[in-house]
Amino acid sequence: MGRIAGRFARVEPRRRAGRLVLGLLADLPRKNCWTIAEWVGDANPHGMQHLLCRAAWDADAVRDDVREYVVEHLHDEAAVLVVDETGDVKKGTHTVGVQRQYTGTAGRIENSQVAVCLVYAGARGHAAVDRELYIPRSWISDPDRCRAAGLGEDTDFATKPELARVMIERFLDAGHHVGWVTGDEVYGGNPKLRSALEERGMGYVLAVACSAEVATRAGKFRADALAAKLPRRAWQKLSAGQGAKGQRYYDWAVIDLVATGSGGRQLLIRRNRATGELAYYRCHSAQLVPLNTLVRIAGSRWRVEEAFQTGKGLAGLDEHQVRRYPSWSRWVTLAMLAHAFLAVVRADEHAHRPGPDGLIPLTCNEIQRLFITVAVRPLHDLAHRLGWSDWRRRHQARSRNSHYLRQAASRT
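Residues numbered from 1 in each chain as written. Predicted model: local features only at pLDDT ≥ 70, side-chain atom pairs only at ≥ 80, totals over all residues. Heavy atoms only, no water.

In this section: the overall build of the protein chain. Within the protein chain, the secondary structure is distributed over 15 helices and 12 strands. Computed over C-alpha atoms, the radius of gyration of the protein chain comes to 24 Å, within 12% of the 22 Å expected from 2.2 N^0.38 for 412 residues, which places it in the range of a compact globule. Projecting the C-alpha coordinates of the protein chain onto the three principal axes gives extents of approximately 75 × 65 × 40 Å. In the protein chain, which comprises 412 residues, the proportion classed as buried is 47%. Nonlocal contacts in the protein chain, meaning residues at least 24 apart in sequence, comprise 63% of its contacts between residues at least 6 apart. Each charge sign in the protein chain was given a centre, from 60 positive and 45 negative side chains, and these centres are 5 Å apart. (Helix = DSSP H or I, 4+ residues; strand = E, 2+ residues; numbered from the N terminus. Rg over C-alpha atoms; globule rule 2.2 N^0.38 Å. Buried < 20%, exposed > 50% of the residue type's maximum accessible area, 1.4 Å probe, protein only. Contact = heavy atoms within 4.5 Å. Lys, Arg positive; Asp, Glu negative; His and termini not counted. Charge placed at Lys NZ, Arg CZ, Asp CG, Glu CD.)

Further remarks concern helix 11 (residues 291–299). Taking burial as the measure, the nine residues of helix 11 include seven buried ones, the bulk of the element. Along helix 11, the positions that sit buried rather than exposed are L291, T293, L294, V295, I297, A298 and G299.

The next thing to look at is the packing of helix 13 (residues 325–352) against helix 14 (residues 364–376). It is at 9 Å that the axes of helix 13 and helix 14 come closest, and there the two elements cross at 105°. The orientation of helix 13 with respect to helix 14, classified from their angle, is roughly perpendicular. Contact residues: helix 13 offers F341, L342, A343, V345 and R346, while helix 14 offers C364, I367, Q368 and F371. Residue composition of the contact of helix 13 with helix 14, grouped by class: seven nonpolar, one polar and one charged. (Axes fitted to C-alpha atoms, helices over the stretch in contact; angles between N-to-C directions. Parallel < 35°, antiparallel > 145°, perpendicular 65-115°, else oblique. Nonpolar A, V, L, I, M, F, W, Y, C, P; charged D, E, K, R; others polar.)

This brings us to the packing of aromatic side chains. Summed over the entire model, instances satisfying the criterion amount to eight aromatic pairs. For the pair F8 and W57, a centre-to-centre distance of 5.1 Å together with 25° between the ring planes defines the contact as stacked. Of this pair, F8 sits in the segment before helix 1 (11–25) while W57 is found in the loop between helix 3 (46–53) and helix 4 (59–73), placing the two residues 49 residues apart along the sequence. Summarising the aromatic geometry, the rings of Y134 and F157 are spaced 6.1 Å apart at their centres and angled 70° between planes, so their arrangement reads as edge-to-face. (Phe/Tyr/Trp six-rings, centres within 6.5 Å; stacked < 30°, edge-to-face > 60°.)

Applying the stated criterion across every chain, the model contains 24 salt bridges. R170 is paired through a salt bridge with D130; the nearest N and O atoms lie 2.9 Å apart. With R170 in helix 7 (residues 160–173) and D130 in strand 4 (residues 126–133), the pair connects residues that are 40 residues apart, well separated along the chain. Judged by relative accessible area, which is 21%, R170 ranks as partly exposed. (Salt bridge = Lys/Arg side-chain N within 4 Å of Asp/Glu carboxyl O.)

Counting residues in each nonpolar core, the largest one holds 104 residues, and the members touching the most others are L81, Y120, F171, V205, W252, L268 and Y281. Here this core takes 13 residues from helix 13, the largest share from any one element. (Core = buried A, V, L, I, M, F, W, Y, C linked by side-chain atoms within 4.5 Å.)

A regular strand places its side chains so that they alternate between the two faces of the sheet. Looking at chain direction, strand 9 (residues 236–243) and strand 10 (residues 246–256) are connected through six bridges and run antiparallel. Within the sheet, the bridge partner assigned to K237 lies in strand 10 and is D251. (Pairing = 2+ DSSP bridges.)

Turning to helix 9 (residues 191–199), a few remarks are in order. Among all positions in helix 9, only L193, R194, A196 and L197 are buried. Down the axis of helix 9, the buried side of the element spans an arc of 160°, and every buried residue falls inside it. In helix 9, those exposed residues whose orientation departs by more than 90 degrees from the buried face are K192 and E199. The opening residue of helix 9 is N190, an N-cap whose side-chain oxygen sits 3.3 Å from the backbone nitrogen of K192. (Arc of directions from axis to C-beta. Polar contact = N/O pair within 3.5 Å; in protein donor to acceptor, adjacent residues only side chain to side chain.)

Glancing now at the state of the cysteines. Inspection of the entire model under this criterion finds zero disulfides. Just so you know, C53 is unpaired, no disulfide at all, and the nearest cysteine sulfur is the one on C33, 7.1 Å from it. (Disulfide = S-S within 2.5 Å.)

A few words on the environment of E306. With respect to the helices and strands, E306 occurs in helix 12 (residues 302–315). Between the C-alpha atoms of E306 and V178, which are 128 residues apart in sequence, the distance is 20 Å.

The contact between helix 12 and helix 13 brings their axes to 9 Å, and the two run at 105°. The angle between the axes of helix 12 and helix 13 places the two elements in the roughly perpendicular class. When helix 12 is examined against helix 13, the residues A307, T310, G311, L314 and A315 are found in contact with a partner set consisting of A335, A338, H339 and L342.

Within the fold, R265 resides in strand 11 (residues 264–271). Here E198 takes part through its side chain, which lies 2.9 Å from a polar atom of the side chain of R265. Ignoring anything within four residues of it in the chain, the contact list for R265 reads E198, Y204, I255, D256, L257, V258, A259, T260, C283 and H284.

Bringing the environment of L294 into the picture now. Within the secondary structure, L294 is located in helix 11. Classification of L294 by relative accessible area gives buried; the value is 1%. Once the C-alpha coordinates of L294 and V205 are considered, the two residues, 89 residues apart in sequence, prove to be 6.9 Å apart. Leaving out residues up to four positions away in the same chain, L294 has contacts with W180, V205, V254, Q266, L268, C283 and V289.

Written out as structure tokens, the structure reads:
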């Protein structure tokens, strides 16, 4: 918290932000301004709501601090930037960016809000370093709706690959160097993103659809058509990295593509050893690299799923109950900070205190439990608990009365 102290104009919001981060790390069944305020000892949620809505502090500057914190402590010369989107299912139509759209979280089209995140993944650990909210065209075409949601007058429509490019360039412009980027088909199928990465000298291993056309010396072919032509000897059994149940082995093959300029372009193909299902990746590198390097980069994409799972399960990344964009960016940024703290502690514990035989190394889940239980668990007396019970019931009574009044007015 000391790293971000200078981002707050007053000491009160700085202290409250620290309490909110602790609340995000707490073992609460639900994490919102109400539950966190009660847990940290506030008399009501107004202070937490003020922090997210009206207090003077710069969430983008804190985001930059989180990025520097992650890169400093998880630094790895072979690190990979992983880009992916995550969705939160929402009710109603007033929450910024919400519309009926596909979200991988639900696996179907839902009324949801979608954000694109950038994850720094190295050997020591991984954590999100940037975030951008996807604003659909239906919102951009309605300036009044955007204004009510706290979006700036200059907000333009940007696709998910365009948001990814902005975040990657922001990472590089901050002076950091990473050699590789990976992502799913949404990003691999976008030629503008691929060209932007090549212009910045970055290699990539980006998933593409089976119908993607690629250029070989023999002409243009669909990716699945090329895979069907491969002889048995073209496939190699390699691990895509360590998983929860051990090494993740697949069969892999690579096909050289027509390259313009220096470096190399390849089509990487992954085959599931149990089902035979195929996946395809467009690859580019400034210099030709061996197959196992491409496999390592492709395998890094699973890190973003782990980051989302930990960020949501342990740091309340998806539990925000806010409607306007400034509040969303503040909540998500502080949740990123909370998750980054767990990732850094985990990396340091694994490096300096691997633990005795018979115990697995400390996980983020166990670090959260120990930290909250041993270091900061607040103890509140009966008066505090009863005071919150009174406040909740009084607020609920006001809400009920307002609802009845609206119903009566609609009938007349």
